[in-house]
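Topology and contacts: notes
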Amino acid sequence: MTQKKPRLQDTEEVYCFDRFDPCYYCGGKAMESVGLERVVQTVGVLQAVVLRAFGPHGGQVLFTRDTGHLMLSRDGVRVLNALRLDHPLARMIVECATGHSALTGDGSKSFILLLASLVQTVEDAARMEKCAPHSLARELLSFSLQQLDPLIASAILPHSEHIIWTDLSAASSSPVQKLLSGFFHTRLSHAHCNSVSDLLCQFLSHWTAEVDQSCSCLQFIDDTWPALYTPVIGFPISYSRLLEGQIIHRDFAVPYSQTTAQPVKAIVVTTPLQPKFMETGLALETGDKGSFVHFSSFWESSVECVVSYLQSIGVSLLLSSVKQTDAVLGLATNSQINVVECVEQEELTLFMHLSEATAVTDFWDIQAKHVVSLDFCKPVLLGAHRYIHVAFPAKAPVRPCSLVVCGTGEGQSEQHASAMRDAIKMLKTTWEPPSSAPPPNTSCTPPPDHYCPRGCVLTSGGAFEILLSLALQHSPISKRAHVVPRILADALLCLPRHIYSHQPRRFAQMQYTVLQCVQERLTSPAHLQSNMNLKCCAWGLGLESVFCKYQLVLAVLQCFSQLLTLDSVIHTKSRLKTMENISCQEEDED
Amino acid sequence: MAKPKKAAAVTSSRRNVPHSGRSSIMALNGDDEDFEWEPPSEADMKVIQARRERQDKISKLMGDYLLKGYRMLGECCDTCGTILLQDRQQKNYCVSCQELDSDVDKDNPALNAQAALSQVRERQLASQSPAPPQTPDAPATATASVPQPRPEHCEGAAAGGRAVLPPAPVPSVPALSTPPSAPVLAPTRPTVIPQSTALRPVLQDAEEAILTKLRWATNQLQTSVSLETSVQLCSLISSCATSLRALRELAQ
């Protein structure tokens, strides 16, 4: 990675276009060199922070603010982002970890632990073998990009299984449920993992019914997630449930008038029904002196015409993204039209998608396409808030529903919801490994489907790391006494060791089980399916995505090589001009 | 042919490096001019292991402080190179200097009894002939050999907290004037009794210094308003009390 140098000695402006360059984050005094020792120290501190919350037996971190607000969390991204870090290397590492977690939905704590283990292993290797650490890092990265794919295909995939979409609607012991359960074990308490994963499975089965559209459905759910769930404070998570239709997180602007007409007709507006022509500061030009009175009366009567027209065509629900005037609300109340104001744009977009509605732009041209039918529309009390519950006519196979996510505190319900969202991201990545543009600053290409087919999962609890470590140690490359595979093999074992830090015997059992399965496969290749997952599920272990683990290893190696190719950290006196800052400045100037 | 000096720092004994391993490593290492390089010896590994354990302790402490709300700065301590932390009161804090025992001080005979005893044994091993009596000079050399208390390089409420250390090992230097014909590997017990007369004034000075610091810390504690400062002053008082107890045991 090239180092950006200041243009002049004392200039205040240092251009930095690379967000993985520590110059992006600097502020301070002199120039300092970055050595392996500095990296070891920084990573060691971050490891000490996340270690206590790692794994299915990890604890929670309690954060308190000066305002007295409390937050309990096991989410690695939340813990890392809550730290006050001015150190450029630490911020860069946290940025890499959160970036990886944004892609796969999980793995921020594993990222830090694997990075720490790798740094220490490379430090030892560099000392014992008299190698430069940065050259070792480069070798590791190029090895992972070239040699890791075949290793995973030969060593990991034979022991994994494939999950299929129709498993969603199966019994509670389906592989999808186990995959979600294994995920939630690292985020929620053990007592609730199974119930939450069941709930999420039901939710997904309602939304996605066709196998070939599963990934687009998961993407849709991820994009519209804020409109699909409702946080409820004051109840334990076991009270979470599904509600048919959509919940609009606003209350009626007028007293609710129950309509007996079926179906319920609704329209969507995005502009005020009564435009504000008479506001302070506006100048209204009329033709002659008397026409202002005429205009004012015309203005009022036009609104009456619109509302009476809506009543005549049977509209009983008006959804508005903006605030309506009191005159409009009064007329609507008299006409028994329920009005909902200031609906969030995401919720309105979802409503229009599910009901196939078109927003009204011209009130004098309200057509049939603007009026949609609903099964019902009624207020619903969730926790301490009253919302609006709408249901759409059944259109098989999709049955829209909304999640009610409960939590004992405000932060808890949000965390449960974000854990569910991350689970959906993880499912999406498992089912369809992203084939988009390669990550920045690498020349790697995403693995082809041949090496990581869709829906590939393996038992959790360190099986991936142990299998890969064994494969690296016994690979032909390792037999030529190449140090790089041995470094990676040693570093990978840190994760299962940390998982079983409270039960060292279980780590040995896991290693023995994996070894047994590997040897069974070698001795009787006729076995097409390894029974490793079956053996380990007796211990209550869930499943995890092979692709997400593979991405974790790649991301850690990439971050590590970037850390070690840094020559120096340049501290600047003023704010750096980055691409984002330049574009913001241009917008301000406009 | 003289051994290259840069390789001498690492080696203390020759070890066989696997040839196949070296040939693959040469590709990684650009300069292959140093054929005399050898991997670290067991003693070096022990030092490395000790440093790693110390670094792990530092990391754990820093992690605890980060979770308590301290800020991790982009600067390092001038003394030890550890990353500095900053508390809510904008005071910089170095975990290594202000909480952990120094990595270097344990080898300083003036500050550590074990280091002093090992230095005495080394000198006894080295000296085969009786040394001329140096009793009048011994206190002078003893005082000259005592370095100044390590100054506080880091800001923080524990200013002066680590400056006071009992100079108990100092009296062992005049022990060289005691019977030089004593066996080289004899335990230090025979040297304790003749030391008591020379020891007493030194112990008294040490006791006075500790009591002075104790009084100062007590005064500071009464006027302190910050929680961090109070905690650190209390730890200073407890370490002064421990030192006093050790001095009194030594005097008996």
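Predicted model only: the values in this text are computed from it and were never measured.

Parameters at a glance
- Residues numbered from 1 in each chain as written.
- Chains lettered and ligands numbered in written order.
- Predicted model: local features only at pLDDT ≥ 70, side-chain atom pairs only at ≥ 80, totals over all residues.
- Heavy atoms only, no water.
- Helix = DSSP H or I, 4+ residues; strand = E, 2+ residues; numbered from the N terminus.
- Buried < 20%, exposed > 50% of the residue type's maximum accessible area, 1.4 Å probe, protein only.
- Contact = heavy atoms within 4.5 Å.
- Areas by Shrake-Rupley, 256 points an atom, 1.4 Å probe, with all protein chains shown as cover.
- Phe/Tyr/Trp six-rings, centres within 6.5 Å; stacked < 30°, edge-to-face > 60°.
- Lys NZ or Arg CZ within 6 Å of the ring centre and 35° of its normal.
- Salt bridge = Lys/Arg side-chain N within 4 Å of Asp/Glu carboxyl O.
- Polar contact = N/O pair within 3.5 Å; in protein donor to acceptor, adjacent residues only side chain to side chain.
- Nonpolar A, V, L, I, M, F, W, Y, C, P; charged D, E, K, R; others polar.
- Pairing = 2+ DSSP bridges.
- Axes fitted to C-alpha atoms, helices over the stretch in contact; angles between N-to-C directions.
- Parallel < 35°, antiparallel > 145°, perpendicular 65-115°, else oblique.
- Left-handed = near helix turned anticlockwise from the far one by under 90°.
- pLDDT = per-residue confidence, 0-100.
- Disulfide = S-S within 2.5 Å.
- Expected span 1.5 Å × (residues − 1).

It is worth spelling out the overall build of chain A at this point. Regarding its fold elements, chain A presents 21 helices and 18 strands. Burial statistics for chain A: of 590 residues in total, 53% are counted as buried. Residue pairs at least 24 apart in sequence account for 76% of intrachain contacts in chain A once pairs closer than 6 positions are excluded. Accessible area of chain A: about 27000 Å², with a carbon and sulfur share of 53%.

The next thing to look at is the packing of aromatic side chains. Summed over all chains, the structure comprises 12 aromatic pairs over all chains. When the centroid spacing of 5.8 Å and the interplanar angle of 50° are considered together, the rings of Trp207(A) and Phe220(A) count as tilted. Taken together, the residues Trp207(A) in helix 7 (residues 190-207) and Phe220(A) in helix 8 (residues 214-223) connect sequence positions 13 residues apart. The exposure class of Trp207(A) is buried, given its relative accessible area of 4%. Ring-pair connections join several aromatic residues into one group, and the members of that group are Phe203(A), Trp207(A), Phe220(A), Trp225(A) and Tyr229(A). Looking at Lys68(B), its charged tip hangs above the ring of Tyr65(B), at a distance of 5.1 Å from the centre. Positioned above the aromatic ring of Trp216(B), the side-chain terminus of Lys213(B) is 5.2 Å from the ring centre.

Our focus in this paragraph is the interface of chain B and chain A. Counting residues at the interface gives 35 residues for chain B, matched by 34 residues for chain A. Run the count over chain B and chain A and you get 4 salt bridges. Across the salt bridge formed by Glu123(A) and Arg52(B), the nearest N and O atoms sit 2.6 Å from each other. Between the two partners, chain B and chain A, sit 9 residue pairs in polar contact (both at pLDDT 80 or more). Listing elements by their share of the side of chain B that touches chain A, those giving two or more residues are helix 2 (19-28), helix 3 (42-68) and strand 1 (71-76) of chain B. Classifying every residue of the side of chain B that touches chain A by side-chain character gives 15 nonpolar, 11 polar and 9 charged. Where strand 4 (residues 84-85) of chain A and strand 1 of chain B come together, 2 bridges link them in parallel fashion. Bridge pairing in strand 1 of chain B places Arg84(A) opposite Arg71(B).

Residues and elements named next belong to chain A. Strand order in the open sheet formed by 3 strands is 8-14-13, with antiparallel pairing between adjacent strands. Each end of this open sheet is capped by a strand with a single partner; those strands are strand 8 (246-248) and strand 13 (376-382). Mean inter-strand twist for the sheet, computed between neighbouring axes without regard to direction, equals 35°. Both strand 13 and strand 14 (residues 385-391) contribute to a ladder of 7 bridges, which runs antiparallel. When the sheet's bridge partners are listed, phenylalanine 376 is paired in strand 14 with alanine 391.

Once that is clear, we can look at the packing of helix 14 (residues 463-473) of chain A against helix 18 (residues 504-523) of chain A. Relative placement of two packed helices is described by the angle separating their axes and the distance separating the axes. All names here are of chain A. At a closest axis distance of 10 Å, the pairing of helix 14 and helix 18 adopts a crossing angle of 55°. If you check the angle between helix 14 and helix 18, you find them oblique. Remark: the crossing between helix 14 and helix 18 carries right-handed chirality. Taking contact as the criterion, the partners of Ala463, Ile466, Leu467 and Leu470 in helix 14 are, on helix 18, Phe507, Met510, Gln511, Val514, Leu515 and Val518. For the contact of helix 14 with helix 18, the per-class residue count stands at 9 nonpolar, 1 polar and no charged.

Let's shift gears to the sheet that holds strand 6 (residues 229-233) of chain A. Residue and element names in this part refer to chain A. Judged by pairing direction, the sheet is mixed, and its 3 strands sit side by side in the order 6-15-7 without closing on themselves. Single-partner strands in this sheet number two, and they are strand 6 and strand 7 (241-244). Averaged over all pairs of adjacent strands, the angle between their axes in this sheet comes to 30°, without regard to strand direction. Docked against the sheet, helix 7 engages strand 7 and strand 15 (401-407), running at close to 165° with respect to strand 15.

Residues and elements named next belong to chain A. Of all 6 residues in strand 9 (residues 264-269), 5 are buried, a share of seventy percent or more. Relative to strand 12 (residues 372-374), strand 9 is paired through 3 bridges, and the arrangement is antiparallel. Bridging across to strand 12, valine 264 finds its partner in leucine 374. Where strand 9 and strand 10 (residues 315-320) come together, 5 bridges link them in parallel fashion. Paired with isoleucine 267 across the two strands is leucine 318, which belongs to strand 10.

Further remarks concern the pattern of salt bridges. A complete count under the given rule lists 17 salt bridges over all chains for this structure. As a salt-bridge pair, Asp64(B) and Lys60(B) come within 3.8 Å of each other at their nearest N and O atoms. Taken together, the residues Asp64(B) and Lys60(B), both in helix 3 and 4 residues apart, mark about one turn of the helix. The exposure class assigned to Lys60(B) is partly exposed, which follows from its relative accessible area of 49%. Each of Asp75(A), Arg78(A), Arg187(A) and Asp422(A) takes part in one network of salt bridges that share partners.

Before going further, it helps to spend a moment on the confidence of the model for chain A. Here chain A averages 81 in pLDDT, and 80% of its residues register 70 or above. The low-confidence segment residues 1-31 of chain A, where pLDDT is below 50, has 74 contacts with residues more than four positions distant or belonging to other chains.

Right, let's talk about the state of the cysteines for a bit. All names here are of chain A. Enumeration over the complete set of coordinates arrives at 0 disulfides over all chains. Just so you know, cysteine 342 is unpaired, no disulfide at all, and the nearest cysteine sulfur is the one on cysteine 377, 17 Å from it. For cysteine 342, a relative accessible area of 28% translates into the label partly exposed.

Bringing helix 3 (residues 88-104) of chain A into the picture now. All names here are of chain A. In this model, helix 3 (17 residues) spans 25 Å end to end at C-alpha, consistent with the 24 Å of a helix rising 1.5 Å per residue. The buried fraction of helix 3 is high, at 12 of 17 residues. Buried within helix 3 are the following residues: Pro88, Leu89, Ala90, Met92, Ile93, Val94, Cys96, Ala97, Thr98, His100, Ser101 and Thr104. Directly after helix 3, the chain includes glycine 105, whose backbone phi takes a positive value near 85°.

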